[in-house]
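Residue-level listing of the chains:
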Amino acid sequence: MSTLLPFHTSILNEIYDPDTSDLLILSRGLGLRRIICTLLKIYDSPHNLVLLVNATQEEETEIGEELGIMGCRKPGLRVVGYETGTSRDRQELYKGGGLIAVTLRILVVDLLQSTIPIDLITGIIVMHAERVSPLHLVSFITRLYREKNRAVSTEEYFEGIATETRLDISKDTLERKRADVIEFAQNLTDNMNDIHAAIVQCMNLTLAELRRSKVELDLDSLNLPAAYFSSFDHIVRKQLDPIWHKVGPSTKALVRDLGVLRRLVGYLLVYDPLQFHSFCQSLVESATSTNSESGSGSGKSQWMLTDAANIVFQAAKRRCFVDVQPEQGEVIDLDDDDEAWDAVFELEGRPSEARQSTNKGKGKATGKRPGWLPKEIHPVLEELPKWSLLAEIIEEIEVEIVRMESTVSSRPVKDPPGTNVTLIMCSSTATCTLLNDFLSSMDSTRPKGEWGRRMMLKKLRSWIWWEKRRKMMQEVTQSANSSGKKGGSNIAQEMVRGGSTSGNGNEGLSEAMRKKDRERAAQAASRRRVRGGAPVNNSGRGSTVPRDTPAPGASTSEPGLGQTISDDFFTTDNVELLSLNDDEIELNLMGNMSTVEFSAEFDAHYGLLSPPQTVLVRAYSDDTDDRMLDEIKPRFIVMFEPCMEFVRRVEVYKCSNPGLPVRVYHMVYANSCEEHKYLAGIRREKDSFERLIKERGSMLLPIIEDQRTAESDAIIKTISSRVAGGRRALNLVPSQVIVDMREFRSTLPSLLHASHLLVIPATLTVGDYILTPEICVERKSLSDLVSSFNSGRLYTQCELMSVHYKIPVLLIEFDEDKAFSFEIISDLKSYAKTTNRYPPKKKTTGNPTEHNYTSPTIQSKITLLTLSFPRLRIIWSSSPYATADIFNDLKKDRAEPDPVKAVATGAEEDPEAGAGVNAAAEELLRSFPGITVKNVKHVMSKVNNVRELCEMDLVGVQGILGAELGKACYEFLHKGEGGFRR
């Protein structure tokens, strides 16, 4: 952990006091984790209990590691999760004090059950406060904490905009020591410019169509700069959600097209040409299949019918290859025509000696056409402009490193701080993989713009192989469907996996191919192997043929679509080593070389690299980038794509290491969406900062209601003159609701508590909410309702409620910001298995009495459910707020439920069966085959944990579940093992 900067210290001086509650708003990249770790270190003591909530699992691990580096190791940051144990174990952990990271659901349950001592809590640190809403569990936690402890201390943090008082301090600190920044504005190629302009034109047309629609939208947010951000889709969809079922298919298609175009313009700048062309092909095929299935003009992508879309698809293809006539390739041979090549180079602005120098460096690399390349394709393989620029930057860095090392060696001074590791930062891991492939296979002997030719040829070869496989699959499927044969899709899938087909002899040919593969594998295994995995020939030397070189005797003609592509299409020289273990590899490696030669050879290929030879390519991340910079301490940083957050991290890194010379290379495509998005993000941040200052100036202090006053009013409201003239004794028992543990994933328990109901968490076997001794409620959201109907789980739940309670209730709860209608169910995705094993058949005759079978609607399923259970009551709720009001109305003038009886209902053992039960472990047990809601309690009483059940033999499992159920559960737990233990 690096040292704190002055603005970090100023922030800590104001927020460390446990008697105050503070809200810290900090820009991303200014060292929020550094402040949190320092604050946790201050309170690291057994006498203090500090809770860290709303942090992700990765953040908990990284904060714990950084606290260990800072010296907080015994015990350090402890994590309370679902595997921690029972409530008694957590209670002992809380009493021990220290730093504890706890999940939100567990903390809510512990606060409701008084498992955690409120008086021992020193403070609560809430991460990501920007995600907290009134329905969030964090709001529920703070409300419980304020009720039980009036001296509240909560520290809430989120990364957003720095506050006004800290802006001047951080600005002065960061401007005092600045890094050496070199900006590169790389121009796009002509094809990329055409594609970029066409996509932007399509986005403008789509936005214009969306404005002209009859849907009420905030027109100020429908502009092009806002459409570059991923949050634009969420904003538009959030405005349309309440009326989504009334929106026409054309408007829905416009909203979908905006997301597709935004991704398309982003992929243009990060994907290689072949990958971008494949994505465009998938869009065309998807639109074609959708149009053929729908048949009508509604719901189609309108932008794909414009001339701009044609420009996008044609230019994307021109970046990869151009189509030529095969006859021209046979008649005209420009391989040895130097004058023709000189004319081409002159038009391209390259000297005529470039071909000669290229041929000297690579021999016949540019002369002979690869055998796997079809004759009607002339490869272009246009590279991204940033690739060549990156190679030039790395070359400049290498020269600068040599100059610095010579300067240090000539002067008797100590080495400057930092390392010469070159750090390259990009937006995603896919871009990291692409840059690694380019840098590892770069050929600097070729002209600029073709340095990645070797990598692109590999990608082109792979694309051609998959394209031919796809066409063969389509032909086989169409022929099978036209001839009426079954299993056409299975044959196509077999071809994609590597098999082949030829008429009716598919099975025999596949068997012959498999026999041939086995003979090749046996022949290769009988040979000796050397380093690199190539078989040894008679002279004892290994083969050095590269992967891109076609096999000797390979045909230069393109194989037909109905022919089988040869097995050596993707030849891997190191396949044989995959079947050896470590001892065999070591013996084979040391068979033909001495120990000294082996050590030198090993260090050359697998040894550690010196920092000047190390190039680290990494994707932008969260606050872990700060720790990475502190550990590596690079002097040279290349930002392959702009990121304002990482710019701040570099500024903080430079100020934390004042004697470290840091040079940053900032790369951006000029006049592109990348530059526009970067500048628009800066403007949005500035506007947000100004709004924050104005809101702070006119912000009102919240007034927190005293819960004791509310309770006294509730007692007065229980007096009713209609019941025995008001002479009935007062009901001093608070109104309470028993809630199942699994229901704390939803927002309803928080709203019930806010409506002055006592929420009692318990592990319920029957129902989700127990309102009275007679009323049991099973809550279902729309997505859960659909999946419960498909799996049949809802029928079992209604059956159990009807058996044990007088008034079973099914609560169907809609989302607050969506339409209160069943028409939106068509947009929901259900991941449950459907009951229909085969798709419905189409009507083949013209008899009007015959009808096509259609799956029953959700309304018909609910009707059948009410017919099966006449006592079942159904409640429709438009939002969780309405559900809280409905529950309060149902509980008026009714008896309160008993938690002990509620837990015992449906269980076969004593009422204490649900006390201290791990809800997550019980839910896992219920998912095992053979374990149902009726025998899960019996299984939990026989085993201590899930692991004990997994380690039992077949006889033991059958002794608990019975013969058939025990065998099903045992085979599921030990599926994939060599043999079952008896």
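Residues numbered from 1 in each chain as written. Predicted model: local features only at pLDDT ≥ 70, side-chain atom pairs only at ≥ 80, totals over all residues. Heavy atoms only, no water.

- Taking an unreviewed UniProt entry as the reference, the protein is identified by name as DNA repair protein rad16 belonging to Lentinula edodes.
- The record in UniProt for the protein states the following under Sequence similarities (unreviewed entry): "Belongs to the XPF family."
- Under the UniProt heading Subcellular location (unreviewed entry), the note attached to the protein is "Nucleus". (UniProt positions renumbered as here; feature names shortened; annotations may be inferred.)

1. Side note on the overall build of the protein
Okay, step 1: Counting secondary structure elements, the protein contains 38 helices and 19 strands.
Okay, step 2: Here the protein holds 982 residues, and 41% of them are scored as buried.
Okay, step 3: Sequence separation of 24 or more characterises 74% of the internal contacts of the protein that already satisfy a separation of 6 or more.
Okay, step 4: Looking at the protein as shown, the accessible area adds up to about 53,800 Å², and 53% of this sits on carbon and sulfur atoms. (Helix = DSSP H or I, 4+ residues; strand = E, 2+ residues; numbered from the N terminus. Buried < 20%, exposed > 50% of the residue type's maximum accessible area, 1.4 Å probe, protein only. Contact = heavy atoms within 4.5 Å. Areas by Shrake-Rupley, 256 points an atom, 1.4 Å probe, with all protein chains shown as cover.)

2. Comments concerning helix α32 (residues 880–890)
Okay, step 1: For α32, the full list of buried residues reads Pro880, Thr883, Ala884 and Phe887. All buried residues of α32 lie within an arc of 100° about the axis, which places them on one face of the element.
Okay, step 2: If you follow the buried residues of α32, they end up packed against α28 (748–754), β16 (769–770), β17 (775–781), β18 (807–813) and β19 (873–877). (Arc of directions from axis to C-beta.)

3. What about helix α4 (residues 87–95)?
Okay, step 1: Buried within α4 we find Arg90, Leu93 and Tyr94. Along the long axis of α4, the arc covered by the buried residues comes to 100°, so they all point the same way. The outward face of α4, more than 90 degrees from its buried face, is lined by the exposed residues Arg88 and Glu92.
Okay, step 2: Among the structural elements, β2 (49–53), β3 (77–80), β4 (98–102) and α5 (104–112) are those in contact with the buried residues of α4.
Okay, step 3: At the exit of α4 stands Gly97, carrying a positive phi of roughly 75°.

4. Some points on the environment of Val777
Okay, step 1: Note on placement: Val777 falls in strand β17.
Okay, step 2: C-alpha separation for the pair Val777 and Pro808, spaced 31 residues apart in sequence, amounts to 6.3 Å.
Okay, step 3: If we skip the residues at most four places from it in the chain, Val777 touches Gly767, Asp768, Tyr769, Leu771, Met801, Val809, Leu811 and Phe887.

5. What to know about the packing of helix α8 (residues 190–212) against helix α13 (residues 307–318)
Okay, step 1: At a minimum axis separation of 8 Å, α8 and α13 run at an interaxial angle of 155°. The pairing of α8 with α13 is recorded here as roughly antiparallel in orientation. Considering only the axes of α8 and α13, their crossing is left-handed. Counted together, Asn191, Asp194, Ile195, Ala198, Ile199, Gln201 and Cys202 of α8 and Ala308, Ala309, Ile311, Val312, Ala315, Ala316 and Arg318 of α13 form the full contact between these two elements.
Okay, step 2: Partitioned by chemical class, the residues of the contact of α8 with α13 number ten nonpolar, two polar and two charged. (Axes fitted to C-alpha atoms, helices over the stretch in contact; angles between N-to-C directions. Parallel < 35°, antiparallel > 145°, perpendicular 65-115°, else oblique. Left-handed = near helix turned anticlockwise from the far one by under 90°. Nonpolar A, V, L, I, M, F, W, Y, C, P; charged D, E, K, R; others polar.)

6. A few points about the pattern of salt bridges
Okay, step 1: Within this structure, the stated rule accounts for 34 salt bridges.
Okay, step 2: The partner of Lys892 in a salt bridge is Asp889, and the shortest N-O contact between them spans 4.0 Å.
Okay, step 3: In this structure Lys892 comes out as exposed when scored by relative accessible area, which is 57%.
Okay, step 4: Bridged by salt links that share partners, the residues Asp180, Glu396, Glu400, Arg403 and Arg663 form one connected network. (Salt bridge = Lys/Arg side-chain N within 4 Å of Asp/Glu carboxyl O.)

7. A short note on unusual backbone geometry
Okay, step 1: A cis geometry characterises the amide bond from Lys74 onward to Pro75, with omega recorded as -5°.
Okay, step 2: When you line up the elements, Pro75 lands in the loop between α3 (57–70) and β3.
Okay, step 3: The backbone phi angle of Asn671 is positive, close to 55°, even though this residue is not glycine.
Okay, step 4: Here Asn671 lies in the loop between β13 (663–669) and α26 (673–697).
Okay, step 5: Here Asn671 falls in the exposed class, since its relative accessible area comes to 60%.

8. Some thoughts on the sheet that holds β19
Okay, step 1: What the six strands build is an open sheet, ordered β15-β14-β16-β17-β18-β19; its pairing is mixed. Each end of this open sheet is capped by a strand with a single partner; those strands are β15 (758–762) and β19.
Okay, step 2: The pairing of strand β14 (residues 736–740) with β15 spans five bridges and is parallel. Each bridged residue has a counterpart across the sheet, and for Val739 the counterpart in β15 is Pro761.
Okay, step 3: Here helix α30 (residues 793–804) sits on the sheet and contacts β17 and β18; the angle it forms with β17, its principal contact strand, is near 165°. (Pairing = 2+ DSSP bridges.)

9. Some details on the sheet that holds strand β7 (residues 180–186)
Okay, step 1: Spatially, five strands are ordered β7-β13-β12-β10-β11 in an open sheet, and the strand pairing comes out parallel. If you trace the sheet from one side to the other, it starts and ends with β7 and β11 (615–619), each paired once. Pairs of neighbouring strands in the sheet enclose a mean axial angle of 20°, with direction left out of account.
Okay, step 2: Strands β10 (419–426), β12 (634–639) and β13 of the sheet are contacted by helix α25 (residues 644–656), whose axis makes an angle of about 170° with β12.

10. Considerations on the environment of Ala895
Okay, step 1: Turning to its location among the elements, Ala895 is positioned in the loop between α32 and α33 (899–904).
Okay, step 2: With 159 residues separating them in the primary sequence, Ala895 and Gln736 have C-alpha atoms 9.9 Å apart.

11. What to know about the side chain of Ser787
Okay, step 1: By secondary structure assignment, the location of Ser787 is in helix α29 (residues 782–791).
Okay, step 2: A distance of 3.0 Å separates the side chain of Ser787 from the backbone oxygen of Asp784, its partner in a polar contact. (Polar contact = N/O pair within 3.5 Å; in protein donor to acceptor, adjacent residues only side chain to side chain.)

12. Description of the state of the cysteines
Okay, step 1: Under the criterion given, the structure shown has zero disulfides.
Okay, step 2: Looking at Cys776, it has no disulfide partner, and the nearest cysteine sulfur is the one in Cys798, 9.8 Å off.
Okay, step 3: On the basis of relative accessible area, Cys776 is assigned to the buried category, the value being 0%. (Disulfide = S-S within 2.5 Å.)

13. Section: the packing of aromatic side chains
Okay, step 1: Tallied over the full model, the rule gives eleven aromatic pairs.
Okay, step 2: When the centroid spacing of 5.2 Å and the interplanar angle of 45° are considered together, the rings of Phe321 and Trp463 count as tilted. Here Phe321 is found in strand β8 (residues 321–323), whereas its partner Trp463 is found in helix α19 (residues 453–483), with 142 residues between them in sequence. Pair check on accessibility: Phe321 and Trp463 agree, each one buried.
Okay, step 3: Taken together, a centroid distance of 5.9 Å and an interplanar angle of 50° make the contact between Phe928 and Phe972 tilted. Placement of Phe928 in the loop between α34 (919–926) and α35 (936–942) and of Phe972 in helix α38 (residues 963–973) is noted, with a sequence separation of 44 residues between them.
Okay, step 4: Exposure remark for Phe928: the relative accessible area of 9% places this residue in the buried category.
Okay, step 5: Three or more aromatic residues link up through ring pairs in this structure, and these residues are Tyr267, Tyr271 and Phe279.
Okay, step 6: The aromatic ring of Phe640 is capped on one face by Lys386, whose charged end is 5.2 Å from the ring centroid.
Okay, step 7: Looking at Arg684, its charged tip hangs above the ring of Phe229, at a distance of 4.3 Å from the centre. (Phe/Tyr/Trp six-rings, centres within 6.5 Å; stacked < 30°, edge-to-face > 60°. Lys NZ or Arg CZ within 6 Å of the ring centre and 35° of its normal.)

14. Considerations on the packing of α5 against helix α6 (residues 137–148)
The axes of two packed helices give the description: the angle between them and the distance between them.
Okay, step 1: Remark: α5 packs on α6, axes separated minimally by 10 Å, with the N-to-C direction vectors making an angle of 25°. Our classification of the angle between α5 and α6 gives roughly parallel. Crossing of α5 over α6 shows left-handed handedness. Across from Leu104, Arg105, Leu107, Val108, Leu111 and Leu112 in α5, the residues of α6 making contact are Leu137, Val138, Phe140, Ile141, Leu144 and Lys148.
Okay, step 2: Across the contact of α5 with α6, the residue classes tally to ten nonpolar, no polar and two charged.

15. Considerations on the nonpolar core
Okay, step 1: Membership of the largest hydrophobic core comes to 83 residues, with the highest contact counts inside it found for Leu264, Trp303, Trp387 and Leu460.
Okay, step 2: Of the residues forming this core, the biggest block, ten residues, is contributed by helix α11 (residues 249–270).
Okay, step 3: For Leu264, the residues in contact, after removing those within four places along its chain, are Ile199, Phe276, Phe279, Cys280, Leu283, Trp303 and Val312.
Okay, step 4: Listed in part, the 46 residues of the second largest apolar core include Val80, Val126, Val739 and Leu748. (Core = buried A, V, L, I, M, F, W, Y, C linked by side-chain atoms within 4.5 Å.)

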